[in-house]
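Structural features, examined
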Amino acid sequence: MKKFCVIGNPIEHSLSPKLHNFWLKKNKIEAIYEKKLLEEKEIPKLIESIRKSELNGVNVTVPFKNSVIPFLDSLSSEAKKTNSVNTICKEEDKIIGHNTDIVGFELALRYINYDVTRKKALILGAGGVSPSIILALKNMGCENIYLTNRTFEKAEKIKETFNDITIQKWGDIPEFDIVINATSVGLNKENFDLELNKFGNNKFFYDVIYNPSETNFLKDAKLNGNKTENGRMMFIYQAHQSFALWNKVLPKIDKGTIEILK
Ligand code: ATR
(Lines give C-alpha, C1' and ligand atoms only; values in the text may rest on other atoms or scores of the structure.)
Protein backbone atom coordinates (compact mmCIF):
# COMPACT_ATOMS: atom_id res chain seq x y z
CA MET A 1 0.00 0.00 0.00
CA LYS A 2 1.28 3.47 -0.91
CA LYS A 3 1.84 5.97 1.88
CA PHE A 4 1.71 9.76 1.83
CA CYS A 5 1.87 12.41 4.52
CA VAL A 6 1.93 16.12 5.27
CA ILE A 7 4.64 17.45 7.57
CA GLY A 8 4.47 20.67 9.56
CA ASN A 9 4.64 22.17 13.01
CA PRO A 10 1.90 22.79 14.05
CA ILE A 11 0.02 20.28 11.91
CA GLU A 12 -3.23 19.73 13.79
CA HIS A 13 -5.15 22.25 11.62
CA SER A 14 -4.24 20.51 8.32
CA LEU A 15 -7.12 19.10 6.32
CA SER A 16 -4.81 17.49 3.74
CA PRO A 17 -5.40 13.94 5.05
CA LYS A 18 -9.17 14.41 4.80
CA LEU A 19 -8.97 15.64 1.21
CA HIS A 20 -6.33 13.22 -0.10
CA ASN A 21 -7.93 10.18 1.56
CA PHE A 22 -11.27 11.21 0.00
CA TRP A 23 -9.71 11.37 -3.48
CA LEU A 24 -7.68 8.16 -2.97
CA LYS A 25 -10.88 6.30 -2.13
CA LYS A 26 -12.82 7.89 -5.02
CA ASN A 27 -10.10 6.83 -7.45
CA LYS A 28 -9.74 3.35 -5.94
CA ILE A 29 -6.06 3.86 -5.16
CA GLU A 30 -4.79 1.68 -2.34
CA ALA A 31 -2.97 4.20 -0.20
CA ILE A 32 -3.10 6.11 3.03
CA TYR A 33 -2.35 9.77 3.74
CA GLU A 34 -1.45 10.91 7.27
CA LYS A 35 -0.30 14.03 9.08
CA LYS A 36 3.02 14.13 10.86
CA LEU A 37 4.15 16.65 13.45
CA LEU A 38 7.84 17.11 12.76
CA GLU A 39 10.88 18.72 14.36
CA GLU A 40 13.37 20.27 11.97
CA LYS A 41 16.08 17.75 12.95
CA GLU A 42 13.83 14.93 11.74
CA ILE A 43 13.77 16.17 8.11
CA PRO A 44 16.78 14.08 6.86
CA LYS A 45 15.22 10.88 8.22
CA LEU A 46 11.93 11.68 6.54
CA ILE A 47 13.64 12.26 3.18
CA GLU A 48 15.44 8.92 3.65
CA SER A 49 12.05 7.17 3.94
CA ILE A 50 11.08 8.62 0.54
CA ARG A 51 14.38 7.40 -0.90
CA LYS A 52 13.68 3.92 0.43
CA SER A 53 10.10 4.11 -0.94
CA GLU A 54 8.65 3.69 2.54
CA LEU A 55 6.88 6.95 1.77
CA ASN A 56 5.59 7.74 -1.74
CA GLY A 57 5.01 11.45 -1.40
CA VAL A 58 5.08 14.27 1.13
CA ASN A 59 3.35 17.62 1.41
CA VAL A 60 5.23 20.28 3.30
CA THR A 61 3.64 23.04 5.29
CA VAL A 62 4.65 25.72 7.80
CA PRO A 63 7.49 26.13 8.77
CA PHE A 64 9.43 23.67 6.55
CA LYS A 65 8.72 24.85 2.96
CA ASN A 66 12.20 26.31 2.76
CA SER A 67 14.14 24.17 5.23
CA VAL A 68 13.49 20.89 3.35
CA ILE A 69 15.30 22.20 0.25
CA PRO A 70 18.93 21.27 1.14
CA PHE A 71 17.89 17.63 1.53
CA LEU A 72 16.36 17.28 -1.96
CA ASP A 73 18.13 16.22 -5.17
CA SER A 74 16.50 18.82 -7.41
CA LEU A 75 13.73 21.37 -7.65
CA SER A 76 11.07 22.19 -10.23
CA SER A 77 11.50 25.61 -11.82
CA GLU A 78 8.64 27.04 -9.70
CA ALA A 79 10.17 25.69 -6.48
CA LYS A 80 13.51 27.18 -7.53
CA LYS A 81 12.03 30.60 -8.33
CA THR A 82 10.28 30.81 -4.96
CA ASN A 83 12.71 28.85 -2.78
CA SER A 84 9.67 27.05 -1.51
CA VAL A 85 8.60 23.42 -1.65
CA ASN A 86 5.17 22.09 -0.70
CA THR A 87 5.26 18.74 -2.54
CA ILE A 88 7.99 16.12 -2.59
CA CYS A 89 8.10 13.04 -4.80
CA LYS A 90 10.57 10.51 -6.10
CA GLU A 91 11.10 10.47 -9.85
CA GLU A 92 13.58 7.94 -11.25
CA ASP A 93 15.48 7.63 -7.96
CA LYS A 94 15.74 11.39 -7.53
CA ILE A 95 13.92 13.25 -4.75
CA ILE A 96 12.27 16.27 -6.35
CA GLY A 97 10.71 19.33 -4.69
CA HIS A 98 7.72 20.97 -6.35
CA ASN A 99 5.67 24.04 -5.52
CA THR A 100 1.95 23.70 -6.24
CA ASP A 101 0.97 26.67 -4.03
CA ILE A 102 1.59 29.01 -6.98
CA VAL A 103 -0.88 27.36 -9.30
CA GLY A 104 -3.17 26.82 -6.29
CA PHE A 105 -3.44 30.55 -5.67
CA GLU A 106 -3.79 31.36 -9.39
CA LEU A 107 -6.62 28.89 -9.88
CA ALA A 108 -8.34 30.05 -6.68
CA LEU A 109 -8.53 33.61 -8.05
CA ARG A 110 -9.61 32.36 -11.47
CA TYR A 111 -12.33 30.25 -9.80
CA ILE A 112 -13.96 33.45 -8.51
CA ASN A 113 -13.14 35.40 -11.70
CA TYR A 114 -10.99 37.93 -9.88
CA ASP A 115 -8.80 39.78 -12.37
CA VAL A 116 -5.57 41.16 -10.84
CA THR A 117 -4.34 43.08 -13.87
CA ARG A 118 -4.19 46.83 -13.14
CA LYS A 119 -4.91 46.11 -9.46
CA LYS A 120 -2.80 47.01 -6.44
CA ALA A 121 -2.08 43.94 -4.32
CA LEU A 122 -0.83 44.11 -0.74
CA ILE A 123 0.65 40.99 0.82
CA LEU A 124 0.87 40.69 4.61
CA GLY A 125 3.71 38.41 5.67
CA ALA A 126 7.07 37.31 4.32
CA GLY A 127 6.99 33.69 5.45
CA GLY A 128 7.03 30.44 3.50
CA VAL A 129 4.01 31.02 1.26
CA SER A 130 4.61 34.68 0.33
CA PRO A 131 6.99 34.12 -2.63
CA SER A 132 4.39 31.76 -4.14
CA ILE A 133 1.68 34.42 -3.85
CA ILE A 134 3.99 36.99 -5.45
CA LEU A 135 4.89 34.70 -8.35
CA ALA A 136 1.23 33.78 -8.91
CA LEU A 137 0.21 37.45 -8.96
CA LYS A 138 2.99 38.24 -11.42
CA ASN A 139 2.03 35.27 -13.61
CA MET A 140 -1.50 36.70 -13.73
CA GLY A 141 -0.27 40.12 -14.80
CA CYS A 142 -0.40 42.07 -11.53
CA GLU A 143 2.18 44.84 -11.73
CA ASN A 144 1.66 46.63 -8.41
CA ILE A 145 2.68 44.35 -5.57
CA TYR A 146 3.33 45.66 -2.06
CA LEU A 147 4.81 43.46 0.65
CA THR A 148 4.83 44.18 4.36
CA ASN A 149 6.10 42.05 7.21
CA ARG A 150 6.45 42.53 10.96
CA THR A 151 10.15 41.69 10.60
CA PHE A 152 11.25 44.13 7.87
CA GLU A 153 14.44 42.23 6.93
CA LYS A 154 12.47 39.17 5.85
CA ALA A 155 10.50 41.26 3.36
CA GLU A 156 13.76 42.78 2.08
CA LYS A 157 15.12 39.27 1.56
CA ILE A 158 12.15 38.41 -0.69
CA LYS A 159 12.75 41.60 -2.69
CA GLU A 160 16.18 40.21 -3.61
CA THR A 161 14.30 37.63 -5.69
CA PHE A 162 11.39 39.81 -6.84
CA ASN A 163 13.01 43.21 -7.27
CA ASP A 164 10.01 45.01 -8.77
CA ILE A 165 7.86 44.68 -5.63
CA THR A 166 7.56 47.53 -3.10
CA ILE A 167 8.34 46.92 0.57
CA GLN A 168 6.28 48.82 3.15
CA LYS A 169 7.07 49.17 6.82
CA TRP A 170 4.72 47.15 9.04
CA GLY A 171 1.85 49.51 9.85
CA ASP A 172 2.33 51.71 6.75
CA ILE A 173 -0.53 50.51 4.64
CA PRO A 174 -0.51 51.65 1.01
CA GLU A 175 -3.65 52.08 -1.08
CA PHE A 176 -4.70 48.64 -2.31
CA ASP A 177 -7.44 46.76 -4.15
CA ILE A 178 -6.67 43.30 -2.77
CA VAL A 179 -4.94 42.41 0.50
CA ILE A 180 -3.72 38.90 1.13
CA ASN A 181 -3.01 37.51 4.58
CA ALA A 182 0.00 35.26 4.07
CA THR A 183 0.96 35.25 7.76
CA SER A 184 0.01 32.67 10.36
CA VAL A 185 -2.09 35.27 12.21
CA GLY A 186 -5.59 33.85 12.58
CA LEU A 187 -4.72 30.18 12.78
CA ASN A 188 -5.37 30.44 16.51
CA LYS A 189 -7.91 33.27 16.56
CA GLU A 190 -5.22 35.96 16.86
CA ASN A 191 -5.74 39.51 15.60
CA PHE A 192 -3.43 41.79 13.63
CA ASP A 193 -1.99 44.85 15.28
CA LEU A 194 -2.85 46.70 12.04
CA GLU A 195 -5.80 49.01 11.64
CA LEU A 196 -7.09 47.43 8.47
CA ASN A 197 -10.59 48.84 8.99
CA LYS A 198 -9.10 52.25 8.16
CA PHE A 199 -8.67 51.25 4.57
CA GLY A 200 -12.18 51.72 3.39
CA ASN A 201 -14.67 49.31 1.95
CA ASN A 202 -15.14 47.69 -1.45
CA LYS A 203 -11.76 46.07 -1.25
CA PHE A 204 -11.00 42.38 -1.53
CA PHE A 205 -9.61 40.61 1.55
CA TYR A 206 -8.11 37.19 0.89
CA ASP A 207 -6.85 34.88 3.62
CA VAL A 208 -4.57 31.99 2.78
CA ILE A 209 -5.82 30.33 5.98
CA TYR A 210 -8.72 27.92 5.39
CA ASN A 211 -9.07 26.41 8.87
CA PRO A 212 -10.69 28.24 10.65
CA SER A 213 -12.83 29.12 7.65
CA GLU A 214 -13.31 32.70 8.79
CA THR A 215 -10.43 34.39 10.59
CA ASN A 216 -10.94 37.66 12.46
CA PHE A 217 -9.16 39.30 9.52
CA LEU A 218 -12.00 38.22 7.21
CA LYS A 219 -14.75 38.72 9.80
CA ASP A 220 -13.77 42.36 10.36
CA ALA A 221 -13.29 42.98 6.63
CA LYS A 222 -16.78 41.69 5.91
CA LEU A 223 -18.27 43.87 8.68
CA ASN A 224 -16.57 46.85 7.04
CA GLY A 225 -18.23 46.12 3.68
CA ASN A 226 -15.44 44.32 1.86
CA LYS A 227 -15.46 41.22 -0.31
CA THR A 228 -13.74 38.27 1.42
CA GLU A 229 -12.46 34.84 0.52
CA ASN A 230 -10.66 32.20 2.56
CA GLY A 231 -7.90 29.86 1.35
CA ARG A 232 -10.12 26.82 0.79
CA MET A 233 -9.95 26.78 -3.01
CA MET A 234 -6.22 27.50 -2.99
CA PHE A 235 -5.82 24.58 -0.63
CA ILE A 236 -7.91 22.30 -2.87
CA TYR A 237 -6.07 23.29 -6.05
CA GLN A 238 -2.60 22.85 -4.57
CA ALA A 239 -3.63 19.42 -3.24
CA HIS A 240 -5.10 18.57 -6.65
CA GLN A 241 -1.74 19.20 -8.34
CA SER A 242 0.17 17.22 -5.67
CA PHE A 243 -2.23 14.33 -6.11
CA ALA A 244 -1.66 14.39 -9.88
CA LEU A 245 2.13 14.41 -9.46
CA TRP A 246 2.05 11.36 -7.18
CA ASN A 247 -0.77 9.30 -8.64
CA LYS A 248 -0.85 10.44 -12.30
CA VAL A 249 -4.59 11.02 -11.88
CA LEU A 250 -6.40 14.36 -11.72
CA PRO A 251 -9.22 13.82 -9.23
CA LYS A 252 -12.57 15.56 -9.64
CA ILE A 253 -13.18 18.81 -7.80
CA ASP A 254 -16.92 18.73 -7.32
CA LYS A 255 -19.39 19.97 -4.73
CA GLY A 256 -18.66 16.89 -2.60
CA THR A 257 -14.97 17.78 -2.49
CA ILE A 258 -15.68 21.32 -1.33
CA GLU A 259 -18.31 20.13 1.16
CA ILE A 260 -16.01 17.75 3.05
CA LEU A 261 -13.77 20.68 3.96
CA LYS A 262 -16.55 22.84 5.41
P1 ATR B 1 8.50 31.48 9.02
O2 ATR B 1 8.41 32.70 9.94
O3 ATR B 1 9.37 30.41 9.57
O4 ATR B 1 8.78 31.83 7.61
P5 ATR B 1 5.79 31.12 8.35
O6 ATR B 1 4.71 30.53 9.17
O7 ATR B 1 5.92 30.72 6.94
O8 ATR B 1 7.09 30.81 9.12
O9 ATR B 1 5.63 32.69 8.41
C10 ATR B 1 4.92 33.28 9.41
C11 ATR B 1 4.58 34.68 8.95
O12 ATR B 1 3.59 35.20 9.84
C13 ATR B 1 5.75 35.62 9.02
O14 ATR B 1 5.61 36.58 8.01
C15 ATR B 1 5.57 36.23 10.42
O16 ATR B 1 6.15 37.48 10.59
P17 ATR B 1 7.66 37.59 11.13
O18 ATR B 1 8.54 37.33 9.95
O19 ATR B 1 7.78 38.97 11.65
O20 ATR B 1 7.82 36.54 12.21
C21 ATR B 1 4.08 36.38 10.44
N22 ATR B 1 3.53 36.52 11.79
C23 ATR B 1 3.41 35.55 12.73
N24 ATR B 1 2.84 36.06 13.85
C25 ATR B 1 2.59 37.37 13.60
C26 ATR B 1 1.99 38.44 14.33
N27 ATR B 1 1.53 38.25 15.57
N28 ATR B 1 1.89 39.65 13.74
C29 ATR B 1 2.34 39.84 12.48
N30 ATR B 1 2.91 38.88 11.73
C31 ATR B 1 3.04 37.66 12.27
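All of the points below concern the structure found in this document. Sequence order as written defines the numbering, with residues in each chain counted from 1. Totals for whole chains, interfaces and linings use every residue, but because this is a predicted model, local features are given only for residues with pLDDT of at least 70 and side-chain atom pairs only at 80 or more, for both listing and counting. Side-chain measures were taken over the full set of non-hydrogen atoms in the model, leaving aside hydrogen atoms and water.

**Remarks on unusual backbone geometry**
Note the cis peptide between Val-62 and Pro-63, where omega equals 0 degrees. Helix and strand assignments follow DSSP, with helices taken as H or I runs no shorter than four residues and strands as E runs no shorter than two, numbered in order from the N terminus. Structurally, Pro-63 can be placed in the loop between β3 (57-60) and β4 (74-75). Residue Pro-212 is bonded to the preceding Asn-211 through a cis peptide linkage, with omega at 10 degrees. Looking at the element boundaries, Pro-212 is found in the loop between β11 (204-207) and α7 (216-223).

**A short note on the packing of helix α1 (residues 16-26) against helix α8 (residues 232-247)**
As a packed pair, α1 and α8 sit with axes 11 Å apart at the nearest point and diverge in direction by 50 degrees. Between α1 and α8, the angle falls in the class oblique. Remark: the crossing between α1 and α8 carries right-handed chirality. Seen from α1, the contacting residues are Ser-16, Leu-19, His-20, Trp-23 and Leu-24; seen from α8, they are Phe-235, Ile-236, Ala-239, His-240, Ser-242, Phe-243, Trp-246 and Asn-247. Of the residues belonging to the contact of α1 with α8, the class tally is eight nonpolar, five polar and no charged. For helices, the fitted line uses only the C-alpha atoms of the stretch in contact; every axis is such a line through C-alpha atoms, and the angle between N-to-C directions lies from 0 to 180 degrees. Roughly parallel refers to an angle under 35 degrees, roughly antiparallel to one over 145, roughly perpendicular to one between 65 and 115, and oblique to any angle outside these ranges. A crossing counts as left-handed when the near helix is turned anticlockwise from the far one by less than a right angle, and as right-handed when that turn is clockwise. Here a residue-residue contact requires only that any non-hydrogen atoms of the pair lie within 4.5 Å. Only Asp, Glu, Lys and Arg are considered charged in this grouping, and only Ala, Val, Leu, Ile, Met, Phe, Trp, Tyr, Cys and Pro are considered nonpolar; every other residue, Gly among them, is considered polar.

**A few points about the site of the ligand**
Proximity criterion: a residue is near a molecule or strand once any of its heavy atoms comes within 4 Å of it. Near the ligand there are 14 residues, and of these Gly-128, Asn-149, Arg-150, Thr-151 and Lys-154 occur at the shortest range. Two N or O atoms count as a polar contact when they lie within 3.5 Å, although within protein this holds only if one can serve as hydrogen donor and the other as acceptor, and sequence-adjacent residues are included solely when both atoms are side-chain atoms. Within the backbone of Gly-128, one N or O atom sits 2.7 Å away from an oxygen atom of the ligand. Residue-level accessible areas treat just the shown protein chains as cover; the underlying method is Shrake-Rupley with a 1.4 Å probe. Against a free-state accessible area of 620 Å², the protein chains account for coverage of 74% of the ligand.

**Some remarks on the nonpolar core**
Ranked by size, the top nonpolar core spans 52 residues in total, and within it Phe-105, Leu-109, Ile-123, Leu-137, Ile-180 and Tyr-206 carry the most contacts. Counting residues per element, this core draws most heavily on α8, at eight residues. Residues enter a nonpolar core if they are buried and are Ala, Val, Leu, Ile, Met, Phe, Trp, Tyr or Cys, with the set joined through side-chain atoms within 4.5 Å. For every residue, the accessible area (1.4 Å probe, protein chains only) is compared with the maximum for its type, and the residue is labelled buried under 20%, exposed over 50%, or partly exposed between those bounds. Residues Val-58, Val-60, Phe-64 and Leu-72 belong to the second largest nonpolar core, which totals 19 residues.

**Overview of the packing of helix α4 (residues 101-111) against helix α5 (residues 130-139)**
The N-to-C vectors of α4 and α5 enclose an angle of 50 degrees; their axes lie 8 Å apart at closest approach. With respect to each other, α4 and α5 are oriented oblique. As for the relative orientation of α4 and α5, their crossing is right-handed in sense. In this structure, α4 contributes Asp-101, Ile-102, Phe-105, Glu-106 and Leu-109 to the contact, and α5 contributes Ser-132, Ile-133, Leu-135, Ala-136, Leu-137 and Asn-139. In the contact of α4 with α5, the residues fall into seven nonpolar, two polar and two charged.

**Looking at the environment of Val-116**
Assignment of secondary structure puts Val-116 in the loop between α4 and β7 (120-124). Take Val-116: its relative accessible area is 2%, and that puts it in the buried class. Distance in space between the C-alpha atoms of Val-116 and Lys-227 is 14 Å, their sequence separation being 111 residues. The residues contacting Val-116, other than those within four sequence positions of it, are Leu-109, Leu-137, Met-140 and Cys-142.

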